[in-house]
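Inside the fold
Take a look at the letters that make up each chain.
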Amino acid sequence: MTSSMVVPVIDVQNDNFKELWPVMVLAIKTASFIALDTELSGLGSRKALLAECIEDRYKAICNAARTRSILSLGFACFKKLENKDDDTYLVQVYNLTLLCSEEYVIEPQSVQFLVQHGFDFNKQYAEGVPYLKGNDMGGDSHGINMRMLFVELLRARKPLVLHNGLIDMVFLYQCFYAHLPDKLGTFTADLSQMFPAGIYDTKYTTEYELRFAASYLEYAYKKCKLDNSKSLEVGGNGHHLFLEFCKYSGHLSSYVDFRPCLAGSSLEGPLNVCQRFSAYGWCPNGSLCPLSHDTDLIIQHDEKNKVEKKKKRKRKRKNSSQGNVDFEGASENKQAHMELKDGEQGPDQVIPDTDSKPPPVTEQVDGTPAQGSESGEKMMTEKVEEGNGVAEPQAVSADEEMKTDKEKVEGNGVSEPQPLATSDAAKKEKSKRKKLEGGSHRAGFDAFMTGYIFSYATTLTERVGEPPCSESWLPECLNKVYLSGKSVPMHIVKSTFSKSSKAHMHKMDIVWGKSFSSSVASKAEGAV
């Protein structure tokens with residue numbers, strides 16, 4: 001059972017953007033890594049976004065980024081505290097409400113999804129931080145604005161962490177950096193120079209390294225939180241994850257939205273799980289679905305099934321050693337995340353166990369992955385499907401401004417435990433959970449969950465008594481971006497066959513205040 005945790009998220013809009021600028025820049029510069037997430041006005045054709053050819057898929061996402069906009073940007077700065085036991089991070093989370101100053105398409109489906117998850121469009125149009133897309137115009141490359149905040153992110157040279165991040169990266173490039181290049185190889189070449197410390201995708205990490213039963217953001221975050229708590233309870237020899245947050249007082253406290261992560265629910269009696277939501281974190285029936293969408297209970301359900309399957313395999317091995325022949329039916333390790341066709345009712349089955357290692361990834365030279373097999377009916381990208389699993393915020397007082405607040409129970413920070421609910425209260429709480437459909441959907445908290453998954457995964461790669469790898473946080477996941485429906489990721493590399501775009505080279509000159517293009521050219525000549 002995990003404990004509760006309250007995460008302070010600083011709301012940033014046009015009226016406090018300049019005031020919070022120094023704090024945001026300092027958080028970026030001092031972070032060990034930065035996790036990002038976006039909320040978008042739409043994505044266009046879902047079929048084109050999942051094209052079999054990755055080059056065609058990239059073109060479809062580019063078209064969406066040129067015609068749609070980023071409505072909200074969240075980033076979470078995780079600073080590793082070296083003088084603390086195990087893996088302790090100081091975390092600062094920001095949620096920026098944005099408003100594109102150009103005309104853009106906003107899709108009813110996206111509006112409906114965001115409104116259902118608590119997004120305030122009145123606030124966005126009244127208080128959103130303005131920005132222009134494409135190449136710099138006028139004084140965009142100077143002063144205090146969104147494009148310069150992105151420049152500060154590049155100058156920090158920190159690892160960038162995303163969840164299912166291809167769409168995020170394309171939109172970030174178009175909205176805050178420069179016009180997108182036409183070819184995918186050029187785009188990946190630009191990214192490799194923009195983020196030399198590496199790009200990590202926690203969806204890829206969840207699928208191919210952690211190998212959870214599901215990989216949507218809320219599930220992965222809560223599963224990591226649960227596993228970290230269990231590890232602490234048994235007192236294992238491995239590293240454990242601990243978080244610290246800042247306290248905000250005075251007028252700064254009015255900008256903070258405290259996001260409670262409530263303790264997990266208890267599994268009692270039979271549980272009718274919605275198989276589509278259990279696998280993908282999204283259900284077309286929404287709050288009207290008669291089956292359970294409670295992620296905490298879904299995870300416990302998966303854990304129970306996993307234990308039962310291990311017992312079953314143990315019995316089979318015992319019977320085999322005694323000479324008893326046991327009929328082997330279908331494989332225990334069914335392929336995870338098999339999508340259902342639209343309109344189909346999923347069978348009443350459990351989430352497949354994923355103990356077996358996924359197929360090996362073939363390295364690519366030019367940033368374009370080999371074509372993998374499609375798994376089931378292709379599904380809309382998770383960028384507009386995943387909720388974040390947060391209940392309504394509760395007010396929390398803060399006394400000292402920017403003072404470290406140690407919250408270190410089960411590695412997450414806790415609020416006071418709540419008394420056991422009566423049956424009637426439990427029903428009301430269950431109804432409330434159902435109505436919220438996983439809670440308010442916010443880019444800031446989604447960025448925090450993404451960073452939590454990454455920081456927890458890094459603790460599993462470290463060995464007691466050995467220093468963490470200086471070259472990479474997660475070597476097996478470095479510069480590998482998850483691709484929906486593909487068995488291999490997209491590699492963020494600059495190949496010998498791809499050149500960086502002219503807009504990128506010009507932008508790099510602005511970022512570094514020197515002739516970046518000249519230095520790149522000299523390196524190329526030296527290599528020859």
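Residues numbered from 1 in each chain as written. Predicted model: local features only at pLDDT ≥ 70, side-chain atom pairs only at ≥ 80, totals over all residues. Heavy atoms only, no water.

What characterises a pair of aromatic rings is the spacing of the ring centres plus the angle enclosed by the ring planes. According to the stated counting rule, one finds 27 aromatic pairs in the structure shown. On the numbers, 5.8 Å between centres and 65 degrees between planes, the contact of Phe 17 with Trp 21 is edge-to-face. Placement of both Phe 17 and Trp 21 in helix H1 (residues 17-30) is noted, with a separation of 4 residues, approximately one turn of the helix. Of the two residues, Phe 17 and Trp 21, neither departs from the other in class, the shared state being buried. The interplanar angle of 65 degrees and the centroid separation of 6.0 Å between the aromatic rings of Tyr 221 and Phe 448 together place this pair among those described as edge-to-face. (Phe/Tyr/Trp six-rings, centres within 6.5 Å; stacked < 30°, edge-to-face > 60°. Helix = DSSP H or I, 4+ residues; strand = E, 2+ residues; numbered from the N terminus. Buried < 20%, exposed > 50% of the residue type's maximum accessible area, 1.4 Å probe, protein only.)

Glancing now at the pairing of strand S8 (residues 241-247). Look at any regular strand and the pattern is simple: side chains alternate between the two faces of the sheet. Burial of S8 is extensive: 6 of the 7 residues sit out of reach of the surface. Pairing of strand S4 (residues 87-100) with S8 involves 5 bridges; the strand directions are parallel. Within S8, the residue paired with Leu 90 across the bridge is Glu 244. (Pairing = 2+ DSSP bridges.)

Attention now moves to the packing of H1 against helix H6 (residues 146-156). A pair of packed helices is captured by two measures, namely the crossing angle of their axes and the spacing between those axes. It is the contact of H1 with H6, at a shortest axis distance of 9 Å, that shows an interaxial angle of 15 degrees. Considered as vectors, H1 and H6 are oriented roughly parallel to each other. Here H1 runs over H6; the crossing is right-handed. Between H1 and H6, the residues in contact are Phe 17, Trp 21, Met 24, Val 25, Ile 28 and Lys 29 and Met 146, Met 148, Leu 149, Glu 152, Leu 153 and Ala 156, respectively. Split by residue class, the contact of H1 with H6 holds 10 nonpolar, no polar and 2 charged. (Axes fitted to C-alpha atoms, helices over the stretch in contact; angles between N-to-C directions. Parallel < 35°, antiparallel > 145°, perpendicular 65-115°, else oblique. Left-handed = near helix turned anticlockwise from the far one by under 90°. Contact = heavy atoms within 4.5 Å. Nonpolar A, V, L, I, M, F, W, Y, C, P; charged D, E, K, R; others polar.)

As a further point, take a negative patch on the surface. Taken together, the side chains of Asp 15, Glu 19, Asp 120 and Glu 127 present a region of like negative charge at the surface. Among the structural elements, Glu 19 can be located in helix H1. A residue is classified by how much of its surface remains accessible, and Glu 19, at 35% relative accessible area, is partly exposed. (Patch = residues over 30% accessible without salt bridge, like charges linked within 9 Å, V, L, I, M, F, W, Y side chains within 5 Å. Areas by Shrake-Rupley, 256 points an atom, 1.4 Å probe, with all protein chains shown as cover. Salt bridge = Lys/Arg side-chain N within 4 Å of Asp/Glu carboxyl O. Lys, Arg positive; Asp, Glu negative; His and termini not counted. Charge placed at Lys NZ, Arg CZ, Asp CG, Glu CD.)

Across the chain, the average pLDDT comes to 76, with 69% of residues at or above 70. Mean pLDDT per element in the chain: strand S10 (residues 403-406) is the minimum at 42, and strand S6 (residues 160-162) is the maximum at 98. In this model, residues 384-423 is a region of pLDDT below 50 whose contacts with residues beyond four sequence positions or in other chains number 119 contacts. Considering only residues more than four positions removed or in separate chains, one finds that residues 524-528, a stretch of pLDDT under 50, has 0 contacts. (pLDDT = per-residue confidence, 0-100.)

It is worth spelling out the pattern of salt bridges at this point. Scanning the model with the defined rule gives 15 salt bridges in all. The shortest N-O distance in the salt bridge between Glu 218 and Lys 222 comes to 3.3 Å. Residue Glu 218 and its partner Lys 222 are located together in helix H10 (residues 217-234), separated by 4 residues, close to a single helical turn. A relative accessible area of 4% means that Glu 218 is categorised as buried. For Lys 222, a relative accessible area of 14% gives the class buried. When the shortest N-O distance is used, the salt bridge between Asp 296 and Lys 222 registers 3.3 Å. On the criterion of sequence distance, the pair formed by Asp 296 in helix H12 (residues 295-321) and Lys 222 in helix H10 is long-range, its members being 74 residues apart. Here Asp 296 and Lys 222 have matching classes, each one buried. Look at the salt bridges and you will find they share partners, linking Asp 11, Lys 123, Asp 257, Arg 259 and Arg 442 into a network.

Turning next to the nonpolar core. By size, the foremost hydrophobic cluster in this structure holds 82 residues, and its most contacted members are Phe 75, Leu 96, Met 146, Phe 176 and Phe 187. The leading source of residues in this core is helix H7 (residues 166-176), at 9 residues. In contact with Phe 75, not counting residues within four places along its chain, are Met 24, Ile 28, Ile 34, Ala 35, Leu 36, Gln 92, Val 93, Tyr 94, Leu 96, Leu 149 and Ala 447. (Core = buried A, V, L, I, M, F, W, Y, C linked by side-chain atoms within 4.5 Å.)

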